[in-house]
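# Survey of secondary and tertiary structure
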Amino acid sequence: MRWQSARQLALVEDCPYEIVVDTVRRKSLLYRSGLGFLCINHVQGCAHGCKYPCYAFMMAKHHGRARDEADWRHPRLVENAIELLDRELDRKGDKLDCVHLCLTTDPFMVGCPEVSVMSLAIIERLNARGVRASVLTKGLLPIDLADDRRFQRDSILGINWPLARWATPRSRR
Ligand code: SF4
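This text gives an overview of the structure that appears in the document. (Residues numbered from 1 in each chain as written. Predicted model: local features only at pLDDT ≥ 70, side-chain atom pairs only at ≥ 80, totals over all residues.)

## Overview of the sheet that holds strand S4 (residues 43–44)
Two strands in a sheet stick together by hydrogen bonds in their backbones, pointing the same way (parallel) or opposite ways (antiparallel). Keep this limit in mind: Note: two strands are recorded as paired if DSSP finds a minimum of 2 bridges between them. We count a stretch as a helix when DSSP gives it H or I for four or more residues in a row; a strand needs E for two or more, and each element gets its number in order from the N terminus.
Pairing is mixed across the open sheet formed by 3 strands, whose spatial order is S1-S5-S4. For this open sheet the edge positions go to strand S1 (22–24) and S4, each flanked by a neighbour on one side alone.

## Quick notes on the environment of aspartate 97
Operational definition: Contacts here follow a simple rule: the backbone-placed C-beta atoms of the two residues must lie within 7 Å.
If you trace the backbone, aspartate 97 turns up in the loop between helix H4 (81–92) and strand S6 (98–101). It is 6.1 Å that separates the C-alpha atoms of aspartate 97 and arginine 132, two residues lying 35 residues apart in sequence. Discounting chain neighbours no more than four positions away, the residues touching aspartate 97 are Val131 and Arg132.

## Structural notes on the packing of H4 against helix H5 (residues 113–128)
Under the convention used in this document: Axis angles are defined between N-to-C directions and span 0 to 180 degrees, where every axis is a line fitted to C-alpha atoms and, for a helix, only to the segment in contact. Oblique is the label for every angle not falling under 35 degrees (roughly parallel), over 145 degrees (roughly antiparallel), or within 65 to 115 degrees (roughly perpendicular). The hand of a helix crossing depends on one turn: near helix anticlockwise from the far one by less than a right angle means left-handed, and clockwise means right-handed. Charged residues are taken to be Asp, Glu, Lys and Arg, nonpolar residues to be Ala, Val, Leu, Ile, Met, Phe, Trp, Tyr, Cys and Pro, and polar residues to be all remaining types, Gly included.
At their nearest, the axes of H4 and H5 sit 10 Å apart, and the two run at 15 degrees to each other. As judged from the angle between their axes, H4 and H5 are roughly parallel. The hand of the H4/H5 crossing is right-handed. Here H4 contributes Ala81, Ile82, Leu85, Asp86 and Leu89 to the contact with H5, which in turn contributes Met118, Ala121, Ile122 and Arg125. When the residues that make up the contact of H4 with H5 are grouped by side-chain class, the tally is 7 nonpolar, no polar and 2 charged.

## Focus on the pairing of S6
Short version of the rule: Exposure is read from a count of other C-beta atoms within 10 Å of each residue's own; the residue is exposed at 12 or fewer, buried at 20 or more and partly exposed in between. C-beta atoms are placed from the backbone.
Residues Val99 and Leu101 point to one face of S6 and are all buried, whereas Cys98 and His100, pointing to the other face, are not buried. Summarising the sheet, strand S3 (residues 38–39) and S6 pair through 2 bridges and their orientation is parallel. Each bridged residue has a counterpart across the sheet, and for leucine 38 the counterpart in S6 is valine 99. As paired elements, S6 and strand S7 (residues 132–137) share 4 bridges and run parallel to each other. Of the residues in S7, the one forming a bridge with histidine 100 is serine 134.

## Notes on helix H2 (residues 55–62)
As a reminder of what qualifies: Note that the arc is computed from the directions linking the helix axis to the C-beta atoms.
Listed in full, the buried residues belonging to H2 are Ala56, Phe57 and Ala60. Summarising the axial view, the buried residues of H2 lie within an arc of 100 degrees, below the 170-degree limit, and thus occupy one face. Those residues of H2 that are exposed and angled more than 90 degrees off the buried face are Tyr55, Met58 and His62. Those residues of H2 that are buried are in contact with helix H3 (69–72).

## What about unusual backbone geometry?
Here the amide bond leading from tyrosine 52 into proline 53 is cis, since omega sits at 0 degrees, within 30 degrees of zero. Geometrically, the link from leucine 101 to cysteine 102 is a cis peptide bond, its omega value of -5 degrees lying close to zero. The topology assignment puts cysteine 102 in the loop between S6 and H5.

## Side note on the nonpolar core
Applied cut-off: As used throughout, a nonpolar core is a set of buried Ala, Val, Leu, Ile, Met, Phe, Trp, Tyr and Cys residues joined through C-beta atoms within 7 Å of each other.
Formed by 35 residues in total, the largest nonpolar core has its most connected members in Met109, Val115 and Ile122. The set of elements that each furnish at least two residues to this core consists of H2, strand S5 (76–78), H4, S6, H5 and S7. In terms of residues, this core owes the most to one element, H5, which gives 5 residues. With residues up to four places along the chain from it excluded, the contact list for isoleucine 122 reads Ile40, His42, Ala81, Leu85 and Leu101.

## A word on the site of the ligand
We apply this condition: A molecule or strand has a residue near it when that residue's C-beta atom, placed from backbone coordinates, lies within 6 Å of it.
Near the ligand, the surroundings consist of Cys46, His48, Gly49, Cys50, Cys54, Ala56, Phe57, Thr105, Asp106 and Lys138. Of the residues belonging to the shell around the ligand, the class tally is 5 nonpolar, 3 polar and 2 charged.

Okay, structure coming up:
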């Protein structure tokens, strides 16, 4: 796993914009993806707006969850994500091994501290029930994840593919 260095952290803190994150409510959170593993997507949309193109954006547009690219780059946090997760972990927590964050958004979106805070809270909740988390981000893995008083050692599998694209803030509103 690649942790962000002190220099990278400083870059994040100097990020020249902070994206306004709206909220949505959902009825469920945990789901089994078509790839066979369990996932959580606690944000609708993604401020990174990758151009290659982003499959998650194409699916969101197809299913009416994003009007266009500008709408997609305007993230909406699932405000009741923790409440839903607690309920779903109570129901099936002992049957879970690993949960992935995220397939259709980025859990550590640059310029969106609310998203990172929620992602850390979700991982902490999962770990507290003995459930591992795998994390995929094109932002930066926060150094908080190295805190083994809060997160179980060896319980987080992380992939970090930084874009460092906050120099071109397409997502500012
Ligand atoms: S970071 Fe991932 S979800 Fe976000 S726009 Fe890029 S490919 Fe799509």
